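# Descriptive structure summary
As a plain string of letters, each chain reads:
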Amino acid sequence: MKFYLMLLAALLAMAPATYLWASGDHGEEGHAEEGEEHGEGTTAITDKAAQASGVGTATAGPGSIHEMVSLNGTIGFHPTSTAKISARYAGVVKRLHVGLGDKVKAGQTLATVESNISLSGYAVTAPIGGVIVEQGARVGEATSEAPLMTIANPSKLRATLQSFPSDGKRIKPGQPVTLNGLGDNHTFDYKVTSVVPDPDSSTPLILVVVDVENPKGEWTAGSAIIGKVEVDEHPVELMVNSAALQPFENGQAVFVKEGEKYQAHPVKTGLADATHTQITEGLKAGDVYVTSNSYIIKADIEKSGASHDH
């Protein structure tokens, strides 16, 4: 009997320690322990875990919001990089040395024509290098006023964007313009070359012309494009990368980092452009905020809030 009483006493002495070990919460990797207190709209993530998740930060401060006008258009050959090839003397086409789509060099023989006057053949040569983009001549046919063929050099192109007068009045030569190719993800920065009335339109459209250097062949003549012209620049006291903004509760929030703690800051916004947004309330200059993958911080805060509600 004495043995059983001693065994029972030993078990009771061990019980509290066993209970504490079993109920302790070691937390998820990279996150704070369950017992650590966080304020509402706050979470804690180690720098190592944040880096592994691709969470990036930046510092809020002053800058400029660039007002843009978006225009549709097309890109084609530059007038100075095309040449329509005609016969010098009336005659008959005896031979074609090149065909549609062939690349040619300046001075290369394109066709041989027999003159009606001398009945001797002469060579029709290329005035520029490029590609044969049109061919109307056929062997045995008489030459006419129509071109035998057309050469275009794709290394220099011209973009033509259409604008209504209300926007066209704000666009001037030299203003920055970004051209985006539809379907091919091309995006390049240029300057507006000229702004002219559209001579072929029955509506009062304005043509915004952009000369495009194309030495590597990124652009293809005939492609549809969208041009974004910067028409004004607005200095602001405080702005953030637009990717930082996340829907939060009944508005928008930016997540501010202090050490390894992240706090949701509801904000009011003002002007915005393609990359940045003005902040009029909710942040101050010098705040370090989450830019890339800010949705991860939002999800973690919402998860923490849900667990605390239970």
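Note that the coordinates shown come from a computational prediction; the quantities given were computed from them, not determined experimentally. Sequence positions are assigned chain by chain, starting from 1 and proceeding in written order. Side-chain atom pairs in this predicted model are given and counted only at pLDDT of 80 or more, local residue features only at pLDDT of at least 70, and totals for whole chains, interfaces and linings cover all residues. Side-chain figures throughout are based on the complete set of non-hydrogen atoms in the structure, without hydrogens or water.

### Comments concerning the pattern of salt bridges
Where side chains of opposite charge bring their charged atoms close, a pairing between them can arise. When a carboxyl oxygen of Asp or Glu is within 4 Å of a side-chain nitrogen of Lys or Arg, the pair counts as a salt bridge. In the structure shown here, the tally under the stated rule is six salt bridges. Among the ionic pairs, Lys257 bridges to Asp47, the shortest N-O distance being 3.3 Å. Of this pair, Lys257 sits in strand S18 (residues 251-258) while Asp47 is found in helix H2 (residues 47-52), placing the two residues 210 residues apart along the sequence. With a closest N to O distance of 3.1 Å, Glu67 and Arg170 form a salt bridge. Here Glu67 is found in strand S3 (residues 61-77), whereas its partner Arg170 is found in the loop between helix H3 (165-168) and strand S12 (176-181), with 103 residues between them in sequence. Burial status follows relative accessibility: with a 1.4 Å probe on protein chains alone, a residue under 20% of its type maximum counts as buried, one over 50% as exposed, and anything between as partly exposed. Accessibility expressed as a relative area gives 27% for Glu67, which makes it partly exposed. You can call Arg170 partly exposed: its relative accessible area is 33%. Helix numbers and strand numbers start at the N terminus; a helix is a DSSP run of H or I with at least 4 residues, a strand a run of E with at least 2.

### Here's the deal with the packing of aromatic side chains
The relation between two aromatic rings is expressed through the spacing of the ring centres and the mutual angle of the planes. Only Phe, Tyr and Trp rings are paired, with Trp represented by its six-membered ring, and only when their centres lie within 6.5 Å; those with planes under 30 degrees apart are stacked, over 60 edge-to-face, the remainder tilted. In the structure shown here, the tally under the stated rule is three aromatic pairs. Ring plane angle 65° and centroid distance 5.8 Å describe the contact between Phe188 and Trp219, whose orientation is recorded as edge-to-face. With a gap of 31 residues between them, Phe188 in strand S13 (residues 187-191) and Trp219 in the loop between strand S15 (206-213) and strand S16 (224-241) connect regions that are remote in the sequence. Assessed through its relative accessible area of 29%, Phe188 is described here as partly exposed. Judged by relative accessible area, which is 3%, Trp219 ranks as buried. A centroid spacing of 6.0 Å and a plane angle of 85° characterise the contact between Phe248 and Phe255, whose relative ring orientation is edge-to-face.

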